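Chains, contacts and geometry: an overview
The chain contents come next:
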Amino acid sequence: MNKSATKPETTLAPNLATKPTDKLVVEDLHLQYGDNLILKGVSMTLNPGEVVALLGASGSGKTTLLRSVAGLEQPSRGKITIGGSMLFDSAAGIDMPVEKRNLGLVFQSYALWPHRTVFENVAYGLRLRNITAVEIDQRVTQALNNLGLGALAQRLPHQLSGGQQQRVAIARALVYNPPVVLMDEPLSNLDAKLREEARAWLRELIVRLHISALVVTHDQTEAMAMSDKILLLNFGKIEQQGTPEDMYNRPQTQFTAEFMGSNNHLPGKVAQVAEGRALLAGDGWRLWGAARGPLAVGDSATGVIRLERTRIASGAGADCVKAELVTGMFLGDRKENLFKLGDLRLRCYGSVPAGSPECFLELPPGDLWVFPGNAAL
Amino acid sequence: MIARSFTLPRVTVVAITALVILTPLSLIFWQSFLNAPFFNPAKHLSFDAYRFIFDDPDFWQSLLNSVVIAAGMVLIALPLGAALAFLLTRTDLPAQRAIEVLVLIPVFISPMVLAFGYVVAMGPVGFYSLWAKGLVGDVPWNVYSLASIAVIAGLTHVPHVYLYSSAALKSLGSDVEEAARVVGANPLRVALNVSLPMTAPALFYAAVLVFFLGFELFGLPLVLGDPEGHLVLSTYLYKLTNKLGTPSYHLMAAVAVCIVAITFPLVLLQRWLLKTAGKYVSVKGKATRQKLLPLGGWKWVALAIVALWLVFTIVVPISGIALRAFVEQWGEGIKLSDVLTLENFTQVFSQSDQVRAIVNTFLIGTIGGALAVACYMAIGLAGHRQRGGIAKVLDYLVLLPRAVPGLLAGLAFLWIFLFVPGLKELRNTIFSVWLAYTVVWLAYGLRLISGALLQIGPELEESARTVGASNAQVLRQVTIPLIRFGLLASWLLVFMIFEREYSTGVYLLGQGTEVIGSMLVSLWGAGAIDQVAALSLINIALVAVGLAVALRFGVRLHE
């Protein structure tokens, strides 16, 4: 796979697709396989021109939700509408066949038809819509050019790199201007290096073409980079939804906090509560943090702080703990240090003052979230 | 892991394999260019044999018949097999599991038995013919015509097509089909535009296979073609002796070479197709749970068609044989209750050669089957994780017996056992038949073994090597224990195949080497219908036992 694979050779023409006006609404969707509940009442809205990421671990139901919207899974309860058209309504017994829903879907495996050329893969959706040959030719060529695939039209899928296959899959889903494009882990089949470039490219494409997209991913960075709104799913339920900033900076539950970033954990007991803040005490340390959830003095609680908010202080201070340096790891753009505080292990970035085995780490009260319970998630 | 290639055991296995495959084949080849049997001191190199058969109009008629039957089989088996595969893998057809098992039964019943079944069930005075005559006043079919032979052969080869196309459909990722649905194709268009073209290589492979099997056909044309004198290449070869009155080995060898000249390219074509088919579908979808296509009211129509086919290929011939085995005679105006008898079985069990045939057939399936699997395993292991030289040699070696119909292989082994010093004593033992069976079914057996070997991840063996096991220890302590179930399954399948085999033993038939299959051919020739019926039923019972055990242990009935 060559690196230029994901870089379109041509710049994207602005605003090629018609601006979408239809809103996707999912209401109280339930789905189960036998006794196994996959979706337990999920509701969401995707506004025109918006990108929503469905984020979650494997088994959270994110792909099932996407496939339900596409019509590839059959929910047991709930409602799915796009604009004025009802795609699914269990109460009314409506289940529109997949092919009638007029959606675009980019498969995780790309699912290109190996017996058709790139051109024919993209053209198939148009042929099924009885569009004239001239117009098909024009629209497919335009779509391929948009995605920097113009020169590859007559190739067969197995002659393409992974990045090129991904772009064919996207072109195939976009060419008939579906109101919403569904993407199932669109980047997961790419190499790690390529993935970052593809992420930026895909975001650019979505913004330029004003695409409404529902994107499934298990990677929080990918979700934050690509979407306007994130829906975090946890075992078939929405744990939290919001903008990427919200999700990262203001997690309401420990699950969200854990899922969205890398953290230090400080299990302890609540020693004091005041004005939305809590004093957390552990073996040889006491720290103030922002209370997240109902807390009372004496409760078990866990302090959670992002790695990058944990700082190496120059000396002792109010929000500091004294910890012993165990080892340092050079990561290229920065250095990660591992500290020991009793049984606790704390990590943070930055350089450690030379010659001192012990250090003061600052954990600002505004950045230290205190969640009830001692669950190590 | 690439083990050292040229170790003593490996070279020995390959050398023995080469010897048992190449000796009989080269003997046939050499014999075909002689003007007399090779043991005749007056023989010399000549094209006499070829000149004779090429001048014989019967030869050309048989060739034409073979082509017509093979082509007819493809035309019938291909669409039916593909449709059956689609119905069983992609739709909500009722009773799928039962059908999946029943579909394979024709594969395991001896064609000789099947052919005989059609004669007694649907021949001019067959059970069903007389019943039909009672209804409509005349027998509305003639099983002895060339067209009937092609139809029967085609219908009994539907399972072969079914196996390959259902395997292809199962491995076809559902995502490529879902992708077509999403862009707007309805289920029918998905089937026509995506599923069918993507399984086309497998279908083409199956077509070539069935065409090839058409040239191997022996039992069906021997039994059904006889009354009207329709010959195919294999029966032409078989009847050459009668024609001239003397054993004309050079002529038989020449016909044999002609048959192999047709079948070997077909085998090579199959091999090439199998390779390119894998390359073609390089973008593999991810297999997720498949949504079955609801057939609605059509499912009863589809079920009726499948049931009709099952009735014709299984119920009709087998019920015919079962009935015929228990009556003393049959014809027009005979009342069934008057002629019921166990006499046929008493007769079979009172004749020592037929009792020997039953015992031998059982032994060759059980002990012989186990020994054959052991041989296949040795060869499979010799080529296991080998690249280059040895693997290539083995690869092409095992293709050769695949192209040689059992009848010819039996003939070649007869000559070997007759005229190679030291083997003569074994001629009249069941060993000669076993060796021929083992070589004829080598390619099949090896596919079973390599299927089992493929299940083992190379890292399991590599990790054993790294912790300090030698190559031999890895084989004994890791590889072989891991394929235990595969070996057991292979044994059962080889048992059934050996029970059903008939043509390979035809020329080897003699005192001590009787097996049911060749006995049936010989008794049929002698017109001993009663005993043919009884032995056929015993043969079916033996296969049925194997089938029942295989199903009990959950053995997959195909590679």
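Cut-offs used in this document
Residues numbered from 1 in each chain as written. Chains lettered and ligands numbered in written order. Predicted model: local features only at pLDDT ≥ 70, side-chain atom pairs only at ≥ 80, totals over all residues. Helix = DSSP H or I, 4+ residues; strand = E, 2+ residues; numbered from the N terminus. Rg over C-alpha atoms; globule rule 2.2 N^0.38 Å. Buried ≥ 20, exposed ≤ 12 C-beta atoms within 10 Å, placed from the backbone. Contact = placed C-beta atoms within 7 Å. Pairing = 2+ DSSP bridges. Axes fitted to C-alpha atoms, helices over the stretch in contact; angles between N-to-C directions.

Here we come to the overall build of chain B. Assigned secondary structure in chain B consists of 27 helices and zero strands. Relative to its length of 559 residues, chain B is compact, with a C-alpha radius of gyration of 25 Å against a globular reference of 24 Å. Counting only C-alpha atoms and orienting by the principal axes, one finds that chain B spans roughly 65 × 65 × 45 Å. Among the 559 residues that make up chain B, the fraction classed as buried is 47%. If you take every contact in chain B between residues at least 6 apart in sequence, the share linking residues at least 24 apart comes to 78%.

Another aspect to go through is the interface of chain B and chain A. Across the contact, 20 residues belong to chain B and 21 residues belong to chain A. Those elements giving two or more residues to the side of chain B that touches chain A turn out to be helix 10 (174-183) and helix 11 (187-216) of chain B.

With that out of the way, let us pick up unusual backbone geometry. Excluding glycine, residues mostly have negative phi values, and the peptide bonds linking residues are mostly trans. Residues and elements named next belong to chain A. Despite not being glycine, Ala 111 has its phi angle at roughly 50 degrees, a positive value. Mapped onto the elements of the fold, Ala 111 is located in the loop between strand 7 (104-106) and helix 2 (118-127). For Asn 130, which is not glycine, the phi torsion reads 55 degrees and is therefore positive. When the 6 C-beta atoms within 10 Å are taken as the criterion, Asn 130 is described as exposed.

For the rest of this paragraph, the subject is the sheet that holds strand 17 (residues 320-330) of chain A. All names here are of chain A. Judged by pairing direction, the sheet is antiparallel, and its five strands sit side by side in the order 16-20-17-18-19 without closing on themselves. On the outer flanks of this sheet lie strand 16 (311-313) and strand 19 (344-349), each paired with one strand and no other. Across the sheet, the axes of successive neighbouring strands diverge by a mean angle of 50 degrees, strand direction being ignored. In the sheet, strand 17 pairs with strand 20 (residues 358-362) via five bridges, with the strands oriented antiparallel.

Given 3.6 residues per helical turn, the α-helix brings residues three or four places apart onto the same face. Most of helix 21 (residues 430-440) of chain B sits inside the fold, with ten of its eleven residues counted as buried. Every buried residue of helix 21 of chain B is accounted for by Ile 430, Ser 432, Val 433, Trp 434, Leu 435, Ala 436, Tyr 437, Thr 438, Val 439 and Val 440 of chain B.

For the rest of this paragraph, the subject is the pairing of strand 2 (residues 36-46) of chain A. Residues and elements named next belong to chain A. Where strand 1 (residues 24-33) meets strand 2, eight bridges bridge the pair, whose relative direction is antiparallel. Bridge pairing links Leu 24 to Leu 46 in strand 2. The hairpin turn running from strand 1 into strand 2, its antiparallel successor, is two residues long, and Gly 34 in that turn takes a positive phi close to 60 degrees.

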